[in-house]
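One-letter residues, chain by chain:
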Amino acid sequence: MELDFLATVLLSSLSSASILLIATIGLAVVFGLMGVINLAHGEFLMIGAYTALTATQSGVPYILSIPIAVAVTMAIGAVVERLIINRLYGRLFDTMLATWGLSIVFYQLAVLIFGTVTPGIGMPQFSISIGDYGLAGYPLLMIGVAAAMLIFVYLLMTKTVYGMKARASIQVPQMAQAIGIEASRTNMLTFSVGCGLAGFAGAVLLPIVPATPSMGFAFVIKAFLTVVVAGPVTLTGTAITALGLGGGASVTASFMTSVVGDVFFFLITALLLWLYPMGISAKWRRKL
């Protein structure tokens, strides 16, 4: 009985950590590669959720609404990069202010268009039993989704010509331009990819977190702290941090309360930032 309970808690915590990781990867790409703190990340996640919901309500199968959400958020991200972010590279504080204002605009637009309460699509009804305990199956699927996202982003950024151009455009823009890389277009695509990952997260998490104008608030603070604690080795650091902080908070909440779980998350975050001001991966040799 105790082993069954512990296995259930561990699977549930891994699921919660995977959900945090799914919501964080897009922010990690934008911040890690471009040095841009996108405080509107939660709103791009919200846009992805509303896009998937609208498509589903229009008769599109839910699974097909996910790529639609990715395309819409990537398109909006490209426009935002051209009109706003492109003018603010290297100005971290100004970028934070601009994206914070953008998040308010997106939030108010969502309230005007959809209202404050939106019907969900319902979670697929299947479960996994461990002894006398049962777990909803769809949240457990997020473990596989998070792993697939990590592999996709890793291959995209390290094994493709675009990934090479993306890193070069940010790290050595003058040299990149000298060898014929159009840094401006590459940066626009990178920001767009980050927004598309946020849109994917909003769409795939829609059965778990119903679409509301404020749904991004539930993720953006923890996602931002996860990326900051992760440090310069963006992808690997973010995965380890999300599993540690998200999983630890979930385990704590299982034995105590959700409030105590959140307290655990923020206390451990503060401790790690005190111990590693530049992030836990600051001294790692290889950047993944």
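Residues numbered from 1 in each chain as written. Predicted model: local features only at pLDDT ≥ 70, side-chain atom pairs only at ≥ 80, totals over all residues. Heavy atoms only, no water.

(A) Spotlight on the overall build of the protein chain. On a plain count of helices and strands, the protein chain comes out with eleven helices and two strands. In the protein chain, the succession of α and β elements from N to C terminus is α-α-α-α-β-β-α-α-α-α-α-α-α. Counting every position in the protein chain, which comprises 288 residues, the buried fraction comes to 46%. Long-range contacts, defined here as pairs at least 24 residues apart, represent 77% of the contacts in the protein chain between residues at least 6 apart. When the accessible surface of the protein chain is totalled, it reaches about 13,900 Å², and 70% of it is carbon and sulfur. (Helix = DSSP H or I, 4+ residues; strand = E, 2+ residues; numbered from the N terminus. Buried < 20%, exposed > 50% of the residue type's maximum accessible area, 1.4 Å probe, protein only. Contact = heavy atoms within 4.5 Å. Areas by Shrake-Rupley, 256 points an atom, 1.4 Å probe, with all protein chains shown as cover.)

(B) Geometry of the packing of aromatic side chains. By the definition in use, this model includes four aromatic pairs. Between the aromatic rings of Phe44 and Phe106, the centroid separation amounts to 5.6 Å while the plane-to-plane angle is 75°, which identifies the pairing as edge-to-face. Residue Phe44 is found in helix H2 (residues 41-57), and its partner Phe106 is found in helix H4 (residues 92-114); the two are separated by 62 residues along the sequence. With respect to burial, Phe44 and Phe106 carry one shared label: buried. Summarising the aromatic geometry, the rings of Tyr50 and Phe114 are spaced 4.0 Å apart at their centres and angled 10° between planes, so their arrangement reads as stacked. With Tyr50 in helix H2 and Phe114 in helix H4, this residue pair connects regions lying 64 residues apart in the sequence. Residue Tyr50 is classed as buried on the basis of its relative accessible area, which comes to 3%. Looking at Phe114, the relative accessible area reads 35%, which means it is partly exposed. Stacked on the ring of Phe265, the Lys or Arg Lys222 has its end atom at 5.2 Å from the ring centre. (Phe/Tyr/Trp six-rings, centres within 6.5 Å; stacked < 30°, edge-to-face > 60°. Lys NZ or Arg CZ within 6 Å of the ring centre and 35° of its normal.)

(C) The arrangement of the layout of surface pockets in detail. What the second largest pocket holds in volume is close to 290 Å³. If you trace the second largest pocket, you find 15 residues lining it, with Ser16, Lys222, Gly246, Ala249 and Asp262 closest to the centre. Put simply, the parts of the chain that give the lining of the second largest pocket at least two residues each are helix H1 (2-34), helix H9 (217-230), helix H10 (234-255) and helix H11 (258-275). The element best represented in the lining of the second largest pocket is H10, accounting for five residues. (1 Å grid on protein atoms, 1.4 Å probe; cavity = no way out; pocket = protein on both sides within 12 Å on 5 of 7 lines; lining within 4 Å. Points joined across faces, edges and corners; volume = space filled by probe spheres on them.)

(D) Inspection of the nonpolar core at higher detail. Residues Ile22, Phe44, Met142, Phe191 and Val204 are the most contacted members of the largest nonpolar core, which totals 59 residues. Among the elements that line this core, the one with the most residues is H1, at ten residues. For Ile22, the residues in contact, after removing those within four places along its chain, are Met142, Val145, Ala146, Met149, Ala201, Val204 and Leu205. (Core = buried A, V, L, I, M, F, W, Y, C linked by side-chain atoms within 4.5 Å.)

(E) Highlighting the pattern of salt bridges. Tallied over the full model, the rule gives three salt bridges. Across the salt bridge formed by Arg82 and Glu81, the nearest N and O atoms sit 3.0 Å from each other. Taking the relative accessible area as the measure of exposure, Glu81 reaches 0% and is therefore buried. Across the pair Lys222 and Asp262 runs a salt bridge, and its minimum N-O distance is 2.8 Å. Of this pair, Lys222 sits in helix H9 while Asp262 sits in helix H11, placing them 40 residues apart in sequence. (Salt bridge = Lys/Arg side-chain N within 4 Å of Asp/Glu carboxyl O.)

(F) A look at H4. An ideal rise of 1.5 Å per residue puts 33 Å on 23 residues; H4 measures up with 32 Å between its terminal C-alpha atoms. What H4 keeps buried is the set Thr95, Thr99, Leu102, Ser103, Phe106 and Ala110. Against the buried residues of H4 lie H2 and helix H3 (62-83). Backbone geometry just after H4 places Gly115 at a positive phi near 80°. (Expected span 1.5 Å × (residues − 1).)

(G) Structural context of the side chain of Thr51. Along the chain, Thr51 turns up in helix H2. A polar contact is formed between the side chain of Thr51 and the backbone oxygen of Ile47, at a distance of 2.7 Å. The contacts of Thr51, once residues within four sequence positions are left out, are Ile68, Ala69 and Val72. (Polar contact = N/O pair within 3.5 Å; in protein donor to acceptor, adjacent residues only side chain to side chain.)

(H) Summary view of the packing of H9 against H11. Look at H9 against H11: their axes get within 10 Å of each other, and the N-to-C directions meet at 30°. For the element pair H9 / H11, the angle class is roughly parallel. At the point where H9 passes H11, the crossing takes the left-handed sense. Residue-level inspection shows Ile221, Lys222, Leu225, Thr226, Val228 and Val229 of H9 in contact with H11, the latter providing Asp262, Phe265, Phe266, Thr269, Leu272 and Leu273. A breakdown of the residues in the contact of H9 with H11 according to their chemical character gives eight nonpolar, two polar and two charged. (Axes fitted to C-alpha atoms, helices over the stretch in contact; angles between N-to-C directions. Parallel < 35°, antiparallel > 145°, perpendicular 65-115°, else oblique. Left-handed = near helix turned anticlockwise from the far one by under 90°. Nonpolar A, V, L, I, M, F, W, Y, C, P; charged D, E, K, R; others polar.)

Keep in mind that these numbers describe shape and distance, not what the molecule does.
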